[in-house]
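# A structural walkthrough
One letter stands for each residue in the lines below.
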Amino acid sequence: MRAIVMTRAGEPEVLQAVEQPEPAPAAGHVLVDVAAAGVNFMDTGVRRGLAWAPQPNPKVLGVEGAGRVVAVGDGVSQFQPGDRVAWVYAPGSYAERIAIPQDSLVAVPDAIDDRTAAAVMMQGLTASHFATDFYPVQPGDVALVHAAAGGLGLLLTQIIKLRGGRVIGRVSSADKVAVAREAGADHVIVDADGYFADEAIRLSGGEGVHVVYDGSGPKTFSGSLEALRRSGTFCWYGPVLGGPGPLDIMSLPKSIKIGYAIFFDHIHTPEFLRARAGRLFEWIATGALKVRIGGTYPLADAEQAHRDMESRTTTGKLLLLP
Ligand SMILES: NC(=O)c1ccc[n+]([C@@H]2O[C@H](COP(=O)([O-])OP(=O)(O)OC[C@H]3O[C@@H](n4cnc5c(N)ncnc54)[C@H](OP(=O)(O)O)[C@@H]3O)[C@@H](O)[C@H]2O)c1
């Protein structure tokens, strides 16, 4: 089978389509034929060798996807060949087939196609965690959402709107405004240099925002702090572009809440994972949540998918189709 292997960290050209031995499902594992693998910004960080990749090189990149069960290992009781499944945080997903622990899989309902299922496992679960657990948005709350036309940003915007919040989106270029608006953003600020705080404060009626969702690196950090209202919440989540450096609690605005949000710290059991994925699938099936697939690529074009994502020109979800 073909898979996208990196033998060393580096630029997108380190991603090579390579023939690999066919995986076999060990006990408790399920072998899946991958229909679509999600490309996440996190993957670009793993490719660069920044973090979160306990597997040594050479390794198959990617952690997310959807497909069909082809075989099961000993002791697997929850799935059988033919079942449609999706997953997240399963290393080695940029591949034609992957063996995954059964507890990491969720069943995909008939109403949800493979591409949509693959598209929402990382970004959808993260967005719903941010807006319903980390800071449960209340009707009338004003939220500032960075990279609002990206995969995570579009889903987060819609979930905030579902909960009755108002969204100020920030995007880096004017051609992303319409996409962010279509997802429900009430206002969209175009800024790529970190000068958005005054406008966000003005758009929130002079008070600042109740919550800021910022995964956009050091350039946006101080502006996001500035844009918060009294006792606001800072949901920080983006390690790929770098952190703010050490924080002196005495110099932060008083009474704010700030944290690095990661969904699997909260959604840490198979039951939680399936319940939260099920809620996303239901929103999609009823039309409450729209999933924008911004680009699809043959598996062998993973390098191009990474180049496009890092060019800041993509919107929505990028998928590899083995
Ligand atoms: N903590 C968690 O659990 C978690 C989970 C999922 C994702 N994330 C983080 O969420 C963010 C979005 O992830 P995603 O997968 O949905 O990707 P994405 O938003 O589809 O694409 C990345 C976004 O980052 C911005 N960007 C790209 N290159 C940049 C650069 N060099 N400098 C500054 N901004 C750049 C772009 O937005 P603009 O050009 O419009 O600014 C782009 O939309 C990432 O930081 C990712 O690491 C965190």
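Residues numbered from 1 in each chain as written. Predicted model: local features only at pLDDT ≥ 70, side-chain atom pairs only at ≥ 80, totals over all residues. Heavy atoms only, no water.

The protein appears in an unreviewed UniProt entry as Oxidoreductase from Ancylobacter defluvii.

## Points about the overall build of the protein
The helix and strand inventory of the protein stands at 10 helices and 16 strands. Out of the 322 residues belonging to the protein, those deemed buried represent 52%. When contacts within the protein are restricted to residue pairs at least 6 apart in sequence, long-range pairs at least 24 apart make up 69% of them. When the accessible area of the protein is evaluated, it comes to approximately 13500 Å², of which 52% is carbon and sulfur surface. Averaging the coordinates of the 29 positive side-chain charges in the protein and doing the same for the 34 negative ones gives two points 5 Å apart. (Helix = DSSP H or I, 4+ residues; strand = E, 2+ residues; numbered from the N terminus. Buried < 20%, exposed > 50% of the residue type's maximum accessible area, 1.4 Å probe, protein only. Contact = heavy atoms within 4.5 Å. Areas by Shrake-Rupley, 256 points an atom, 1.4 Å probe, with all protein chains shown as cover. Lys, Arg positive; Asp, Glu negative; His and termini not counted. Charge placed at Lys NZ, Arg CZ, Asp CG, Glu CD.)

## Remarks on the sheet that holds strand 1 (residues 2-6)
Pairing is antiparallel across the open sheet formed by three strands, whose spatial order is 2-1-4. One side of each edge strand has no neighbouring strand; the edge strands of this open sheet are strand 2 (16-19) and strand 4 (59-60). As defined by bridge partners, strand 1 adjoins strand 4 across two bridges and the pair is classed as antiparallel. Counterpart to M6 in the pairing with strand 4 is K59. (Pairing = 2+ DSSP bridges.)

## Some remarks on the environment of K317
Mapped onto the elements, K317 comes out in strand 16 (residues 317-321). Classification of K317 by relative accessible area gives buried; the value is 1%. Separated by 186 residues in the primary sequence, K317 and A131 have C-alpha atoms spaced 19 Å apart. In contact with K317, not counting residues within four places along its chain, are G38, V39, N40, E64, A118, A119, Q123, G151, R292, I293, G294 and G295. Within polar-contact distance, the side chain of K317 engages the side chain of N40 at 2.9 Å. (Polar contact = N/O pair within 3.5 Å; in protein donor to acceptor, adjacent residues only side chain to side chain.)

## Some words on the pattern of salt bridges
Tallying each qualifying case throughout the model produces 12 salt bridges. With a shortest N-O distance of 2.9 Å, E310 and R47 are connected by a salt bridge. Of this pair, E310 sits in helix 10 (residues 302-310) while R47 is found in helix 1 (residues 41-48), placing the two residues 263 residues apart along the sequence. Residue D133 is joined to R276 by a salt bridge in which the shortest nitrogen-to-oxygen separation is 2.7 Å. With D133 in helix 3 (residues 122-134) and R276 in helix 9 (residues 270-285), this residue pair connects regions lying 143 residues apart in the sequence. (Salt bridge = Lys/Arg side-chain N within 4 Å of Asp/Glu carboxyl O.)

## A few points about the side chain of R97
Here R97 is to be found in strand 7 (residues 97-101). A distance of 2.2 Å separates polar atoms of two side chains, one belonging to R97 and the other to E22. A distance of 2.8 Å separates a polar atom in the side chain of R97 from a polar atom in the side chain of D33. Residues within four places of R97 in sequence aside, it is in contact with M1, E22, P23, L31, V32, D33 and V34.

## Some details on the site of the ligand
Around the ligand, the structure places 23 residues, and the nearest of them are G151, L152, S172, A261 and R312. Between the ligand and the protein, one listed contact pairs a nitrogen atom with a backbone N or O atom of Y237 at 3.2 Å. One of the backbone nitrogen or oxygen atoms of A261 is found 2.8 Å away from a nitrogen atom of the ligand. Sorting elements by how many residues they give to the shell around the ligand places helix 3 first, with three residues. Counting contributing residues, the shell around the ligand receives three or more from each of domain 1 (2-120 + 266-321) and domain 2 (139-260). (Near = heavy atom within 4 Å. Domains from an automatic or database assignment.)

## Points about unusual backbone geometry
Note that the residue after N57, namely P58, is joined by a cis bond; omega there is -5 degrees. The residue A147 is not glycine, and still its phi comes out positive at about 45 degrees. By the secondary structure assignment, A147 is in the loop between strand 9 (142-146) and helix 4 (151-162). Take A147: its relative accessible area is 39%, and that puts it in the partly exposed class.

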